[in-house]
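Breakdown of the fold
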Amino acid sequence: MDTARVAACFMVVMLHTAATRFGSFDEQWWASNFYDSLVRSCVPLFLMITGVLLLGKRESLPAFLSKRFARVLPPLVFWSLFYMAWNTWRGERYGPWYGWLEAIIHGPVVFHLWYLYAIVGIYLFVPFLRSIWNAARPGEKICYLALWAGASAWPTLGTALGLETRLLQTYGLDTFVGLAGYLFLGAYVHEAWLRQENKRRYWCASLGLFMVFGALTMFATYAYSEHIGKPSTLFYEYLSPLVMASAVCAFNVVYGIGAKAHTYAGPLQALSACTLGIYCLHVFVLREVDDTLQTLNPAASPWWSIPATAAGVFGLSLGAIMLLRRIKAFELVT
């Protein structure tokens with residue numbers, strides 16, 4: 001799980017690095033589309049890890065909620081204030097102190113903090129999803145996942161095919177839609193991995209399919225963007241069918257690597273402990289680094305500059321978070 005968490009965190013950094021070059025059809029667009037399509041399963045991977053770690057546990061509702069919210073609320077408030085201060089320095093205004101409070105309550109002040117808000121709602125659903133998981137038989141788990149995947153994927157497919165329909169709402173199937181389904185999927189895929197007798201073959205097949213679904217996401221994004229005449233992130237949606245399939249394969253790949261990485265368990269655990277802080281800080285580092293690199297070498301090829309920038313941003317963010325974690329007051333927010 002530590003390996004999977006570190007991999008998912010680096011994929012997030014890669015995604016946001018690539019996304020800065022996606023907005024227009026130019027010489028950088030294909031590189032952006034390639035890397036973005038490859039790592040789109042990063043957030044689903046985080047949620048699948050959460051499902052593996054939480055759904056099999058048994059604990060009281062008060063104990064669960066107090067533990068989980070003590071983990072997510074301090075970072076949400078701290079990093080919101082951090083970015084609000086940064087935005088203020090760049091010219092944005094939030095008014096008096098209660099304006100800052102209202103801004104935090106109403107939603108993320110920087111786009112990537114949406115995940116911390118979403119995880120609050122997901123945590124509220126976990127105790128009930130846990131009961132479903134522990135009570136369901138294998139066939140019922142498959143049925144739940146099929147309904148969730150079908151209902152969640154339909155908006156992407158319907159938009160791509162130009163179908164105007166309220167099928168989900170008419171039959172009440174929109175109750176199955178949501179990111180929380182990835183927790184259930186993660187727990188199920190983890191069980192499937194443990195059942196495999198030939199794990200090497202299973203891992204190789206997952207790696208191959210991961211590349212296939214990444215390529216399909218890339219070409220589907222290109223085709224739909226060409227169709228509507230501008231870059232579109234439709235097939236990048238976390239609940240699109242290609243991203244779902246990619247997430248399953250990505251989980252198997254990184255979990256398989258982690259299963260063989262016993263020698264590096266200590267360093268991986270230390271890295272994993274920093275991933276929340278890296279996730280929260282990396283957008284600040286990325287914007288500063290990317291502005292500098294664009295100034296120094298605006299003609300650099302995106303095919304190497306995107307992964308190089310992502311690696312640099314990840315490393316700088318990691319170093320900063322490791323320093324912050326040496327101060328006890330920052331342990332809860334990083």
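Owing to the predicted nature of the structure, the values given are computational and were not obtained by experimental measurement. (Residues numbered from 1 in each chain as written. Predicted model: local features only at pLDDT ≥ 70, side-chain atom pairs only at ≥ 80, totals over all residues. Heavy atoms only, no water.)

Before going further, it helps to examine the overall build of the chain. Within the chain, the regular secondary structure consists of 14 helices and zero strands. Going from the N terminus to the C terminus, the chain shows its helices and strands as α-α-α-α-α-α-α-α-α-α-α-α-α-α. On C-alpha atoms alone, the chain measures out to a radius of gyration of 20 Å, which is about the 20 Å that the 2.2 N^0.38 rule sets for 334 residues. Dimensions of the chain along its principal axes, counting C-alpha atoms only, are 55 × 50 × 50 Å. For the chain, the residues scored as buried account for 46% of the 334 residues in total. (Helix = DSSP H or I, 4+ residues; strand = E, 2+ residues; numbered from the N terminus. Rg over C-alpha atoms; globule rule 2.2 N^0.38 Å. Buried < 20%, exposed > 50% of the residue type's maximum accessible area, 1.4 Å probe, protein only.)

What follows is about the packing of helix α1 (residues 2-19) against helix α11 (residues 241-259). The N-to-C vectors of α1 and α11 enclose an angle of 130°; their axes lie 8 Å apart at closest approach. One element, α1, and the other, α11, form an angle in the oblique class. The handedness of the crossing between α1 and α11 is right-handed. Packed against α1, whose contacting residues are T3, A4 and A7, the element α11 presents V254, I257 and G258 at the interface. Along the lines of polarity and charge, the residues of the contact of α1 with α11 split into four nonpolar, two polar and no charged. (Axes fitted to C-alpha atoms, helices over the stretch in contact; angles between N-to-C directions. Parallel < 35°, antiparallel > 145°, perpendicular 65-115°, else oblique. Left-handed = near helix turned anticlockwise from the far one by under 90°. Contact = heavy atoms within 4.5 Å. Nonpolar A, V, L, I, M, F, W, Y, C, P; charged D, E, K, R; others polar.)

This brings us to the packing of aromatic side chains. Evaluation of the coordinates by the stated rule reveals 33 aromatic pairs. Considering the side-chain rings of Y224 and F235, the 6.4 Å spacing of their centres and the 80° angle between planes classify their relative orientation as edge-to-face. Taken together, the positions of Y224 in helix α10 (residues 199-228) and F235 in the loop between α10 and α11 put the pair eleven residues apart, joining distant regions of the chain. Per residue, the accessibility class of Y224 equals that of F235, and both read buried. Joined through ring pairs, the aromatic side chains of F22, F25, W29, W30, F219, Y222 and Y236 make up one cluster. The ring of W133 is capped by K141, whose NZ or CZ atom sits 3.5 Å from the centre of that ring. Its end group placed over the ring of Y188, R195 keeps NZ or CZ at 5.8 Å from the ring centre. (Phe/Tyr/Trp six-rings, centres within 6.5 Å; stacked < 30°, edge-to-face > 60°. Lys NZ or Arg CZ within 6 Å of the ring centre and 35° of its normal.)

Looking now at the pattern of salt bridges. Note that side chains of opposite charge can pair when their charged atoms are close. Throughout the structure, instances matching the rule amount to seven salt bridges. For R5, the salt bridge goes to D2, with nearest N and O atoms at 3.6 Å. Placement of both R5 and D2 in helix α1 is noted, with a separation of three residues, approximately one turn of the helix. When its relative accessible area of 26% is taken as the criterion, D2 is described as partly exposed. Taken together, the salt bridges that share partners define one network made up of E59, K67 and R130. (Salt bridge = Lys/Arg side-chain N within 4 Å of Asp/Glu carboxyl O.)

By the definition in use, this model includes zero disulfides. Looking at the unpaired C9, the closest cysteine sulfur is the one in C274, lying at 9.3 Å. Considering cysteine sulfurs only, C204 is the nearest to C249, which forms no disulfide, with 13 Å between them. Owing to a relative accessible area of 5%, C249 belongs among the buried residues under this scheme. (Disulfide = S-S within 2.5 Å.)

There is about 560 Å³ of room inside the largest pocket. Taken together, 20 residues form the lining of the largest pocket, with R5, T50, R68, R71 and Y123 sitting closest to its centre. Going through the elements one at a time, α3 (42-54), α4 (61-89), α6 (114-135), α12 (265-273) and α13 (275-296) are the ones with two or more residues in the lining of the largest pocket. Reported here for the second largest pocket is a volume of approximately 220 Å³. (1 Å grid on protein atoms, 1.4 Å probe; cavity = no way out; pocket = protein on both sides within 12 Å on 5 of 7 lines; lining within 4 Å. Points joined across faces, edges and corners; volume = space filled by probe spheres on them.)

All right, on to a nonpolar patch on the surface then. A surface patch of nonpolar side chains, amounting to about 480 Å² of accessible area, comprises W30, F34, F219, Y222 and W303. Elements represented by at least two residues in the nonpolar patch include exactly α2 (29-39) and α10. Checked against the element boundaries, W303 lands in helix α14 (residues 302-325). The partly exposed category is assigned to W303, whose relative accessible area is 41%. (Patch = residues over 30% accessible without salt bridge, like charges linked within 9 Å, V, L, I, M, F, W, Y side chains within 5 Å. Areas by Shrake-Rupley, 256 points an atom, 1.4 Å probe, with all protein chains shown as cover.)

By the secondary structure assignment, V333 is in the segment after α14. Separated by 263 residues in the primary sequence, V333 and A70 have C-alpha atoms spaced 9.8 Å apart. For V333, the contacting residues outside a window of four places in its chain are P74, P75, F78 and W79.

This part takes up the side chain of S225. Among the structural elements, S225 can be located in helix α10. Looking at S225, the relative accessible area reads 0%, which means it is buried. Here S225 is in contact with F25, W29, K230, P231 and S232, once residues within four sequence places are set aside.

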